[in-house]
Amino acid sequence: QQPDSKKKEFRKYLEKSGAIDALTKVLVGLYEEPERPPNAVDYIKRYLGTSTGVDAEAIKRENEDLRQEVKELKAALAKASAAGENNEEKEDIET
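Residues numbered from 1 in each chain as written. Predicted model: local features only at pLDDT ≥ 70, side-chain atom pairs only at ≥ 80, totals over all residues. Heavy atoms only, no water.

Visitor: Give me helix 1 (residues 2-17): which residues, what numbers.
Guide: With 16 residues, helix 1 extends 23 Å from end C-alpha to end C-alpha; this agrees with the ideal 22 Å at 1.5 Å per step. Within helix 1, only zero of the 16 residues are buried, leaving the element largely exposed. Two residues or fewer past helix 1, Gly 18 is found with a positive phi of approximately 85 degrees. (Helix = DSSP H or I, 4+ residues; strand = E, 2+ residues; numbered from the N terminus. Expected span 1.5 Å × (residues − 1). Buried < 20%, exposed > 50% of the residue type's maximum accessible area, 1.4 Å probe, protein only.)

Listed below in structure tokens is the structure:
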């Protein structure tokens with residue numbers, strides 16, 4: 001019965017320290033990642049390796065926002081480039 005009481009004590013320690021919550025969050029984050037990272041262990045190390053006071057979730061949200069902005073800017077650039085090519089074709093025809 002000694003090993004069972006040690007396991008219970010250790011589990012309480014992990015719960016009290018927040019380790020179980022932290023591990024659960026990182027595993028859920030890995031599961032929800034749209035593109036699976038090539039190395040899950042590196043992902044977990046990077047996620048858990050953040051310094052105290054760094055809001056990893058805020059950084060992830062900012063990253064997603066920036067990715068969306070880049071996507072929109074690329075679309076706008078493609079549209080502007082296409083419009084510019086049309087103008088050049090018109091100039092060629094007129095001359």
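Visitor: Mind laying out the layout of surface pockets, listing which residues take part and the relevant values?
Guide: A volume near 640 Å³ is recorded for the largest pocket. For the largest pocket, the lining is made up of 22 residues, of which Glu 33, Tyr 43, Arg 46, Lys 60 and Asn 63 are closest to its centre. Broken down by element, the residue count for the lining of the largest pocket peaks at eight residues, all from helix 4 (residues 56-94). Broken down by class, the residue content of the lining of the largest pocket amounts to eight nonpolar, three polar and eleven charged. (1 Å grid on protein atoms, 1.4 Å probe; cavity = no way out; pocket = protein on both sides within 12 Å on 5 of 7 lines; lining within 4 Å. Points joined across faces, edges and corners; volume = space filled by probe spheres on them. Nonpolar A, V, L, I, M, F, W, Y, C, P; charged D, E, K, R; others polar.)

Visitor: Talk me through the nonpolar core; I want residue IDs and the actual numbers.
Guide: Among the nonpolar cores identified, the biggest contains five residues, and these are Val 26, Leu 30, Tyr 43, Tyr 47 and Ala 56. Those elements that place two or more of their residues in this core are helix 2 (19-32) and helix 3 (40-48). Filtering out sequence-adjacent residues up to four positions away, Tyr 43 remains in contact with Val 26, Gly 29, Leu 30, Glu 33, Pro 37 and Lys 60. (Core = buried A, V, L, I, M, F, W, Y, C linked by side-chain atoms within 4.5 Å. Contact = heavy atoms within 4.5 Å.)

Visitor: Give a description of a negative patch on the surface that names residues and reports values.
Guide: A cluster of acidic residues, Glu 62, Glu 64, Asp 65, Glu 69 and Glu 72, forms a negative patch on the protein surface. Here Glu 72 shows up in helix 4. The class for Glu 72 is partly exposed, based on a relative accessible area of 49%. (Patch = residues over 30% accessible without salt bridge, like charges linked within 9 Å, V, L, I, M, F, W, Y side chains within 5 Å. Areas by Shrake-Rupley, 256 points an atom, 1.4 Å probe, with all protein chains shown as cover. Salt bridge = Lys/Arg side-chain N within 4 Å of Asp/Glu carboxyl O. Lys, Arg positive; Asp, Glu negative; His and termini not counted. Charge placed at Lys NZ, Arg CZ, Asp CG, Glu CD.)

Visitor: Now, about helix 2: what can you tell me, with residues and values included?
Guide: Between its terminal C-alpha atoms helix 2 stretches 20 Å, which fits the 20 Å expected from 14 residues at 1.5 Å a residue. Among the residues of helix 2, Val 26, Gly 29 and Leu 30 are the ones counted as buried. Each buried residue of helix 2 lies within a common arc of 100 degrees when the element is viewed along its axis, so the set occupies one face. Facing away from the buried side of helix 2 by over 90 degrees, the exposed positions are Asp 21, Tyr 31 and Glu 32. (Arc of directions from axis to C-beta.)

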